[in-house]
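What follows is the residue order along each chain.
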Amino acid sequence: EPGHTIDGFLIGERIHSGGMAQIYRVSYAAAGGPSDPGFPMVMKVPRMTQGDGAENIVSFEVEHQIMQLVSGPHVPRFVAAGDLLTLPYLIMEYVPGRTLQSWLDADERPDVATLAQLGAATARAVHSLHKQNVCHLDLKPANVLIKPDGTAVLLDFGLSCHAHQPDLLAEELRLAVGSPAWIAPEQIVGVRGDARSDVFALGVMLYELATGELPFGAPTTRGGLRQRL
């Protein structure tokens, strides 16, 4: 709850509650301490209630692994993580901006120039990730944040994989996981996918931004969360 202190982090307001995790603003309980990174932070806590699947905690492990390996302007900076056996959480940089989902939720479609800027910024972010040997594998409008300077930041690495690290989801789960409106066909049948899967998802997002519809005939869902397979 807001006001509680966990491992030296003061919990603030909850800013997101999704099917896989909840996110809170946090700060150091002792402001200006020696470990203060100098930027605003959030805490991501996986959902672990009765009925939640094993993918929630496995995805947390994956995101913990990936966030320590990626860097640059297109990912939030990693700060700390909680003990998996006590209270799993991830502390990372809070990045201000507007998600691609907000453009979809607007009444008007972005103009051609804006669409080109959004697409180029997102493609640069995805390319940066691929150069670091990481495939995101859950690209969707809610996971792409556009900062005020136009830089795209990718969020939610719970389904990602690194070319030189164990793929925990492939090892521990055999079911398809992902956001069904955007994942590539091979992911739907349970294949984890590769960089080409991210390119597919990028194309779906751009089509949706341009037309307001998904390329397979399903209308865009506004304000709601799509369930993972």
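None of these values were measured; they are calculated from a predicted model. (Residues numbered from 1 in each chain as written. Predicted model: local features only at pLDDT ≥ 70, side-chain atom pairs only at ≥ 80, totals over all residues. Heavy atoms only, no water.)

Colleague: Outline the layout of surface pockets, listing residues and values.
Modeller: For the second largest pocket, the calculated volume is near 200 Å³. Taken together, 13 residues form the lining of the second largest pocket, with I6, Q22, Y24, V45 and L87 sitting closest to its centre. Among the elements of the structure, β3 (21–28) and β4 (41–46) are those that each provide at least two residues to the lining of the second largest pocket. It is β4 that provides the largest number of residues to the lining of the second largest pocket, a total of 3 residues. (1 Å grid on protein atoms, 1.4 Å probe; cavity = no way out; pocket = protein on both sides within 12 Å on 5 of 7 lines; lining within 4 Å. Points joined across faces, edges and corners; volume = space filled by probe spheres on them. Helix = DSSP H or I, 4+ residues; strand = E, 2+ residues; numbered from the N terminus.)

Colleague: Tell me what's going on with the side chain of N143, and back it up with residues and numbers.
Modeller: Here N143 is to be found in the loop between β8 (134–135) and β9 (144–146). Residue class for N143 comes out buried when judged on its relative accessible area of 6%. A distance of 2.9 Å separates a polar side-chain atom of N143 from the backbone oxygen of D138. Excluding its chain neighbours within four sequence positions, the residues that come into contact with N143 are H136, D138, V153, L154, L155 and D156. (Buried < 20%, exposed > 50% of the residue type's maximum accessible area, 1.4 Å probe, protein only. Polar contact = N/O pair within 3.5 Å; in protein donor to acceptor, adjacent residues only side chain to side chain. Contact = heavy atoms within 4.5 Å.)

Colleague: Give a description of a nonpolar patch on the surface that names residues and reports values.
Modeller: There is a patch of nonpolar side chains on the surface, built from I188, V189 and V191 and spanning about 280 Å² of accessible area. Here I188 lies in helix α5 (residues 185–188). For I188, a relative accessible area of 44% translates into the label partly exposed. (Patch = residues over 30% accessible without salt bridge, like charges linked within 9 Å, V, L, I, M, F, W, Y side chains within 5 Å. Areas by Shrake-Rupley, 256 points an atom, 1.4 Å probe, with all protein chains shown as cover. Salt bridge = Lys/Arg side-chain N within 4 Å of Asp/Glu carboxyl O.)

Geometric descriptors of this kind do not, in isolation, establish any biological role.
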